[in-house]
Each structure stands twice: as structure tokens, then as C-alpha cells.
Amino acid sequence: MTNREKYRFDDFTLDNYRRLVALALEKGFEFISYTDEFVQERKDILWRHDVEFEPDIALKMAEIESSLGAKATYFFQIHCPYYNIFDPHYTEVFNKIKSLGHFVGLHFDSHYYGIENESQLNEYIQLDKEYFERVLKVKIDTFSFHNTTPFTQSCLEPMYGGLINVYSSHFKNNFNYCGDSLGYWRFDRLEDVLNNESVQHLQVLTHDANWTEEVMSPRARVHQFVYDRAERLYNQQVNGLINKGLLCPREKQN
Ligand SMILES: [Zn+2]
């Protein structure tokens, strides 16, 4: 068996993403938010994105969902080494995702603060929440942990720092889970879970840079987003100078 087959590279294209969201709708899952009341009899799905690498790709996914009539929750970091949500380009992406009708929350990084107990956790989630809300001019209700630790995995209360915890006992106990965390299905394949008639409540976790236009290995997908970003920034700078007639003549010759 090739790696392409074993790790199901073909699953992770944006075309297949569209097919999976459509399949969830076809199977009767109602797309709900973390603030919705739990209804035992309802067949529902909490479709979550932890935005880790490239919000531009998250926007493509948000457009696919909204074109099909599905709503997801997008969790953004504010201490991310890969993107800065306060960069005007990404703030615009954030606002576009929100304007498509999706929910937004905080993807909280406990490592940044070296958090070791619940009192620090409450304090720093509150701090990030306030900054996030004030700068991005939005009210948020929910957070998810970035890169969980044994300590954060033990934090099972419904709320911390004024935000709903998506890793609480409630969601763990009542919802099946399926995620693409490493760029492949570590446990169950999403398509199989969606087709499993016994699954009534489901939490799905996806990550932006795990999905590309073409079939690629997980590593190639990371490479792709890094180089697409570099090209965008290069063009932004150089075309900006060309448009203003300010590009150095010697560079023009080269
Ligand atoms: Zn994360």
C-alpha cells in the first residue's frame, strides 16, 4: 500500500471537503454552535476549525460551507507563529468569515503563558478574550485549547475565563469526535463517521493547511501554504513599488 492510499491523501482536497460538508447535510446533521442548547433527540454536528496556519485557506473552507448552507465555528489564535490575526489582511479575512454567518472563537495557547493551574488559566483566557474582542470588535463565547497538555486535558469545566470550553466533559461525553490533526485521519475517517447511522452528535475538527486544491502529502500541503504566502507578500511589496513607479531601475533590468 502506498502512503497516498494509507494516509488517504486524496481525501484532503477542497473539492472533497465540499463533498464531505454536503454529505453531512445529506445525512441529516444539523450544523449547530457551541452556545446552542443540547438536544438529545436532534442529529447535530459541531463543525470546528482551529485556524493554525493560513486564514486565507480557512476563508475558502468558510465559503464552501456557506455556499452549501452549513455553519461552522472558526477558532483563531492571537499568539500564532504562522499568522497575525491583527495584520489588516487577516483581520479582513476574519471579518469575511464572520460575515458569511460562521461563528468565531479563541484558539487559546496555554504554552505562551506557561499555565500550570486553573486560576492562571482563567486569568489569561480572560486577558486574551478582552484583547481579541476589543481589537477585532466582536463578542466571543467559546475557546479551544491549542496543542493540549496533560494539564489542559484535565480542564473539563464548562467554562474558563468567561468562555465555553470545547474540551469540557459535556462535549467529550455527548459528542463523537473526528479530527484531521496531523493532515490525515488519526482515528476515524470523516466520511465513515458521517455515514455511520449510529452517530447522532458529532464534533468535527479541521485545520486550514491540511486542505489544498490538488492531491498532496501532508508535508507538501504545508510547503504549499508557506510558498503561496511568500508569493503573496513578495507581490504585495514589489507590485506596490512598480505601481508607484518606485522600483529601482537596476532591479527592473534584472
Ligand atoms: Zn491548535
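Predicted, not measured: the structure shown is a model, and the values here were computed from it.

What is the right way to look at the overall build of the chain in this model?
Within the chain, the secondary structure is distributed over 11 helices and 9 strands. Radius of gyration (C-alpha) of the chain: 20 Å, near the 18 Å computed for a compact globule of 254 residues. Considering only C-alpha atoms, the chain reaches an extent of 70 × 45 × 35 Å along its principal axes. Counting every position in the chain, which comprises 254 residues, the buried fraction comes to 47%. A sequence separation of at least 24 residues applies to 71% of the contacts in the chain between residues at least 6 apart.

Looking at this model, I keep getting lost on the coordination of the zinc ion. Mind explaining?
Put simply, a metal with four donors set out as a tetrahedron has ideal angles of 109.5 degrees, and one with six donors set out as an octahedron has ideal angles of 90 or 180 degrees. For the zinc ion, every protein donor is listed as E52 (OE), E52 (OE), H107 (NE2) and H146 (ND1), and the spread of their distances is 1.9 to 2.7 Å. Around the zinc ion, the 4 donor atoms sit at angles spanning 53 to 128°, and that spread fits a shape best called irregular. Sequence spacing of the donor residues for the zinc ion, all on one chain, is E-x54-H-x38-H. Separated by 55 residues along the polypeptide, E52 in the loop between strand 2 (44-51) and helix 3 (55-68) and H107 in strand 4 (residues 103-108) bring together distant segments of the chain.

So what exactly am I meant to see when it comes to a nonpolar patch on the surface here?
There is a patch of nonpolar side chains on the surface, built from V222, V226 and Y227 and spanning about 260 Å² of accessible area. Tracing the backbone through its elements, the reader meets V222 in helix 10 (residues 218-243).

Where do I start with the nonpolar core in this structure?
Burial of nonpolar side chains together is a common tendency in soluble globular proteins. Counting residues in each nonpolar core, the largest one holds 66 residues, and the members touching the most others are W47, F76 and L202. Beyond its immediate chain neighbours, meaning those up to four positions away, F76 contacts V51, Y83, I85, F94, I97, V104, G105, L106, H107 and F132.

When you look at the packing of helix 2 (residues 14-26) against helix 3 in this model, what are you seeing that I'm missing?
Geometrically, a packed helix pair is captured by the angle between its two axes and the distance between the axes. Contact pair helix 2 / helix 3: the axes reach a minimum separation of 10 Å and the direction vectors enclose 35°. Crossing of helix 2 over helix 3 shows right-handed handedness. Contacts between helix 2 and helix 3 involve L14, Y17, R18, V21, A22 and L25 from the former and K60, M61, I64, E65, S67 and L68 from the latter. For the contact of helix 2 with helix 3, a count of residues per class yields 8 nonpolar, 1 polar and 3 charged.

Could you clarify how one ought to interpret helix 3 in this entry?
Each full turn of the α-helix corresponds to 3.6 residues, which orients residues three or four apart in the same direction. Relative to the 20 Å expected for 14 residues at 1.5 Å per residue, helix 3 spans 20 Å between its end C-alpha atoms, a close match to the ideal helical length. Within helix 3 the residues assigned to the buried category are P55, I57, A58, L59, M61, A62, I64 and E65. Looking at the buried side of helix 3, the elements it contacts are helix 2, strand 2, strand 3 (73-76), helix 4 (88-99), strand 9 (201-206) and helix 10. Two or three places before D56, at the opening of helix 3, E54 has a side-chain oxygen 2.9 Å from that residue's backbone nitrogen. Two residues or fewer past helix 3, G69 is found with a positive phi of approximately 85°.

So what exactly am I meant to see when it comes to the packing of aromatic side chains here?
In this description, a pair of aromatic rings is defined by centroid distance and the angle of the planes. On inspection of all chains with the given rule, the structure shows 24 aromatic pairs. Where F108 meets Y113, the ring centres are 6.1 Å apart and the plane angle is 20°; that geometry is what we call stacked. Pairing Y112 with Y113 gives two aromatic rings, centres 5.0 Å apart and planes at 90°, and the pair type is edge-to-face. The ring of F29 is capped by K43, whose NZ or CZ atom sits 4.5 Å from the centre of that ring. Directly above the aromatic system of F75 lies the positively charged group of R48, at a separation of 6.0 Å from the ring centroid.

Conventions and cut-offs
- Residues numbered from 1 in each chain as written.
- Predicted model: local features only at pLDDT ≥ 70, side-chain atom pairs only at ≥ 80, totals over all residues.
- Heavy atoms only, no water.
- Helix = DSSP H or I, 4+ residues; strand = E, 2+ residues; numbered from the N terminus.
- Rg over C-alpha atoms; globule rule 2.2 N^0.38 Å.
- Buried < 20%, exposed > 50% of the residue type's maximum accessible area, 1.4 Å probe, protein only.
- Contact = heavy atoms within 4.5 Å.
- Donors = N, O, S within 2.8 Å, 3.2 Å for Na, K, Ca; no water.
- Tetrahedral: all angles 85-135°; square planar, octahedral: opposite > 155°, others 65-115°.
- Patch = residues over 30% accessible without salt bridge, like charges linked within 9 Å, V, L, I, M, F, W, Y side chains within 5 Å.
- Areas by Shrake-Rupley, 256 points an atom, 1.4 Å probe, with all protein chains shown as cover.
- Salt bridge = Lys/Arg side-chain N within 4 Å of Asp/Glu carboxyl O.
- Core = buried A, V, L, I, M, F, W, Y, C linked by side-chain atoms within 4.5 Å.
- Axes fitted to C-alpha atoms, helices over the stretch in contact; angles between N-to-C directions.
- Left-handed = near helix turned anticlockwise from the far one by under 90°.
- Nonpolar A, V, L, I, M, F, W, Y, C, P; charged D, E, K, R; others polar.
- Expected span 1.5 Å × (residues − 1).
- Polar contact = N/O pair within 3.5 Å; in protein donor to acceptor, adjacent residues only side chain to side chain.
- Phe/Tyr/Trp six-rings, centres within 6.5 Å; stacked < 30°, edge-to-face > 60°.
- Lys NZ or Arg CZ within 6 Å of the ring centre and 35° of its normal.

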